[in-house]
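So you can see what is in the structure, the chains are spelled out below.
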Amino acid sequence: MNIKENLLYIKNTLPEHVTLVAVSKTKPVLDILTAYDAGQRIFGENKIQEMTQKWEKLPKDIQWHMIGHVQRNKVKYMAEYVSLIHGVDSFKLLKEIDKQAKKNNRTIDCLLQIHIAEEDTKFGLDENELNEILQSEEFLQLKNIRIVGLMGMATFTEDQNQIKKEFRKLHSIFSTIKNSIANITILSMGMSGDYPLAIKEGSTMVRIGSSIFGARNYH
Ligand SMILES: *Cc1c(COP(=O)(O)O)cnc(C)c1O
């Protein structure tokens with residue numbers, strides 16, 4: 001695996017309006033530095049503890065994105081530095097992020113995660129829950145978070161039509177709220193296996209891990 005080659009290849013194929021999040025979960029600090037030296041500044045992790053250890057060791061101009069499921073009691077560990085939280089899937093979590101952001105005297109950008117996959121193992125809000133949050137009085141009181149877009153994960157399947165259908169659905173929800181709410185600019189969808197399709201369907205941010213860093217070994 002040549003990390004630099006992979007990274008530059010992918011960067012060159014992405015349209016200009018699409019932002020690349022290099023997903024470095026499980027990968028060592030040295031791999032991240034290789035990508036950093038090749039110009040990459042946005043990295044995605046799915047565990048707060050692991051991300052925080054890496055943040056401590058690595059250059060401070062890296063933007064850290066939390067792309068995994070977030071436990072409320074761990075928000076405090078990343079509130080000082082996290083640049084974007086992709087997986088916000090409840091109002092309770094949003095309130096905790098607001099509280100911790102306030103403690104750190106900052107505003108934290110968030111994406112609301114929408115459930116688009118067929119599997120019920122994937123987290124996320126449905127359209128009704130999304131609208132409930134966005135229209136609630138309480139939401140307007142949260143001054144230290146900013147909703148800047150939506151995130152979703154398609155079903156893990158070979159069926160391209162199924163994936164396309166799910167991406168389309170997410171894009172359509174995105175278009176609707178973009179027209180009614182300020183600051184909504186990011187649609188985070190697409191991973192190594194499906195990002196070209198995600199971009200065709202309107203993604204503005206792709207989260208790519210294994211196609212840059214190689215397959216992950218969890219043992
Ligand atoms: C791991 C992960 C990715 C990257 O997956 P690859 O298939 O390695 O590109 C993207 N998004 C989320 C939410 C992930 O957990």
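Procedures and definitions
- Residues numbered from 1 in each chain as written.
- Predicted model: local features only at pLDDT ≥ 70, side-chain atom pairs only at ≥ 80, totals over all residues.
- Heavy atoms only, no water.
- UniProt positions renumbered as here; feature names shortened; annotations may be inferred.
- Near = heavy atom within 4 Å.
- Polar contact = N/O pair within 3.5 Å; in protein donor to acceptor, adjacent residues only side chain to side chain.
- Areas by Shrake-Rupley, 256 points an atom, 1.4 Å probe, with all protein chains shown as cover.
- Nonpolar A, V, L, I, M, F, W, Y, C, P; charged D, E, K, R; others polar.

- As annotated in an unreviewed UniProt entry, the protein chain carries the name Pyridoxal phosphate homeostasis protein and is attributed to Saonia flava.
- Recorded in UniProt under Function (unreviewed entry), the annotation for the protein chain is "Pyridoxal 5'-phosphate (PLP)-binding protein, which is involved in PLP homeostasis."
- Its UniProt record gives the protein chain a comment under Sequence similarities (unreviewed entry), which states: "Belongs to the pyridoxal phosphate-binding protein YggS/PROSC family."

## A closer look at the site of the ligand
Step number 1: Looking at the ligand, the residues that line it are Val23, Lys25, Ile67, Met151, Met153, Met191, Ser192, Arg207, Ile208, Gly209, Ser210 and Arg216.
Step number 2: Ser192 places a polar side-chain atom, nitrogen or oxygen, 2.5 Å from an oxygen atom of the ligand.
Step number 3: Ser210 is positioned with one of its backbone polar atoms (N or O) 2.8 Å from an oxygen atom of the ligand.
Step number 4: Here the ligand, which alone exposes 390 Å², has 90% of that area covered by the protein.
Step number 5: In terms of residue class, the shell around the ligand is made up of six nonpolar, three polar and three charged.

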